[in-house]
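Observations on chain architecture
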Amino acid sequence: MRYVMDKLRSLEIFLATCDGGSFAAAARTCNTDPSTVSKAIARLEAQLGLTLFQRSTRQLRITTPGKRYADTVRKMMQDLSTCEDELKHLNDSPGGTLRISSAACYGHLYLRPLLQAFCQRYPAIKLELEINDLHVDIIENDIDIALRTGYVKDSRLVARRLSPMDFLTCVSPQYLQAHGTPRCAEDFHQHSWIGFRIKETQQLQPVFLPDGRGEYQPCELARSHITDDGEAMAYMCSDGLGFAQLPHFLAKQGLNSGALVSLYPYFRPPQPDNGVFAIYAKRDYLPAKVRVFIEFITSALEVMGESSNHTWAEDWPSLIHFP
């Protein structure tokens, strides 16, 4: 890398010498001294095995090989400058293909309904959307941005929290009519519970229920039914198969329609990696297509009552309250 930078500097000095007609003029143009200019030209001539300038006490005259070399170098420097200008324009103007990887449930329920409006606002951006629950290496897989519940610590990445991930203990009104309402955590041993199996670990998602003071504690419960699909869990719950502890983005549709009710106030895990995150590669200049996507989805979530430290679930009414 040092060699490349030194070579580019030497070429810059060479062109300044051609244009200025002397080492002194080139030194003024390149903000250096004539001795440095002379040494740079000598290095170029040694590398090429050619004489670029005929020197005399009174003048400096470029040779025929020097003229040919100058024409090539000038074109190369102009091409480089044009390329840099084009790349800067691309970075300033949203366009190109935006590759998004999203967690399945979040992608279906939150992201997908926003895509039409995003594409209408930024017609030069083409989308490539991957839906899965795997924490893939976004750099190795050339993904521009990933939307994930939680994140993997990686110094190469930026993890920007879009919202916390709040959980609601949900059930269908029909189930409560048929089986009654549990009044405390112990009562759940007499009720059906729908469990969620995490695909990557094959472990069951833990359940947290409030004690008499409303403070959430881990609770060991037998699961009557188990699924590894979040949307299926929400539908099974609204169909009356039992209780389920759902992330807010999974519970939203059923709660809004009345197919589900929330038994308790929301629960928010205290871990720092709790939440929904926009994850992208760390770089000095964020591409415009990634920047506008983050701005767009952040604004859309604000309209839905969500931000980096708040979700609508905080204000959702529950059947049971605590002092």
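On a predicted model such as this, the values are computed, not experimentally measured, just so you know. (Residues numbered from 1 in each chain as written. Predicted model: local features only at pLDDT ≥ 70, side-chain atom pairs only at ≥ 80, totals over all residues. Heavy atoms only, no water.)

Observations concerning the sheet that holds strand β14 (residues 276–281)
For the record, the criterion: The rule for pairing is simple: two strands pair if DSSP sees at least two bridges between them. Secondary structure follows DSSP: runs of H or I at least 4 residues long count as helices, runs of E at least 2 residues long count as strands, and numbering of each begins at the N terminus. Geometry is summarised by axes, namely lines fitted to C-alpha atoms with helices restricted to the contacting stretch, and by angles between N-to-C directions that run from 0 to 180 degrees. A contact between two residues is defined here by any heavy atoms of the two lying within 4.5 Å.
Pairing is mixed across the open sheet formed by five strands, whose spatial order is β4-β3-β5-β14-β6. For this open sheet the edge positions go to β4 (125–131) and β6 (157–163), each flanked by a neighbour on one side alone. If you compare each strand with its neighbour and ignore which way they point, the axes differ by 25° on average. Here strand β3 (residues 96–102) pairs with strand β5 (residues 145–149) via three bridges, running parallel. Residue pairing for β5: I100 is matched across the bridge by I145. On top of the sheet, helix α5 (residues 104–111) reaches β3, β4, β5, β6 and β14; it is set at about 120° to β3, its chief contact.

Notes on empty space enclosed by the protein
Short version of the rule: A 1.4 Å probe that fits into a set of points on a 1 Å grid over the protein atoms alone but cannot get out defines a cavity; an open set with protein on both sides within 12 Å along at least five of seven lines defines a pocket, and lining residues are those with an atom within 4 Å of a point. Grid points are joined across faces, edges and corners, and a volume is the space filled by probe spheres set on the points. Just so you know the grouping, Ala, Val, Leu, Ile, Met, Phe, Trp, Tyr, Cys and Pro go in nonpolar, Asp, Glu, Lys and Arg go in charged, and all remaining residues, Gly too, go in polar.
Enumeration over the complete set of coordinates arrives at one cavity of 30 Å³ or more. In this model, the largest cavity occupies a volume close to 40 Å³. Residue lining of the largest cavity: W193, I194, G195, F196, Q205, P206, V207, M233 and Q245, and that is the complete set. Counted by class, the lining of the largest cavity contains six nonpolar, three polar and no charged residues.

Section: the nonpolar core
Selection rule: Here, nonpolar core refers to any group of buried Ala, Val, Leu, Ile, Met, Phe, Trp, Tyr and Cys residues whose side-chain atoms link them within 4.5 Å. Three labels apply to residues, based on accessible area from a 1.4 Å probe with only protein chains included: buried if under 20% of the type maximum, exposed if over 50%, partly exposed otherwise in between.
With 61 residues, the main nonpolar core has Y106, L209, L246 and F293 as its most contacted residues. When residues of this core are assigned to their parent elements, the largest contribution, eight residues, is made by helix α10 (residues 288–303). With residues up to four places along the chain from it excluded, the contact list for Y106 reads L111, L147, L162, F249, V276 and L301. Listed in part, the 19 residues of the second largest apolar core include L11, I13, V37 and A70.

What about the packing of aromatic side chains?
What counts here: Only Phe, Tyr and Trp rings are paired, with Trp represented by its six-membered ring, and only when their centres lie within 6.5 Å; those with planes under 30 degrees apart are stacked, over 60 edge-to-face, the remainder tilted.
Counted according to the given criterion, the structure contains 17 aromatic pairs. Considering the side-chain rings of Y151 and F277, the 4.8 Å spacing of their centres and the 65° angle between planes classify their relative orientation as edge-to-face. With Y151 in the loop between β5 and β6 and F277 in strand β14, this pair connects stretches of sequence that are 126 residues apart. The partly exposed category is assigned to Y151, whose relative accessible area is 23%. F277 gets classed as buried once you look at its relative accessible area, which sits at 4%. Measuring from ring centre to ring centre gives 4.8 Å for Y216 and F267, while their planes differ by 35°; the resulting arrangement is tilted.

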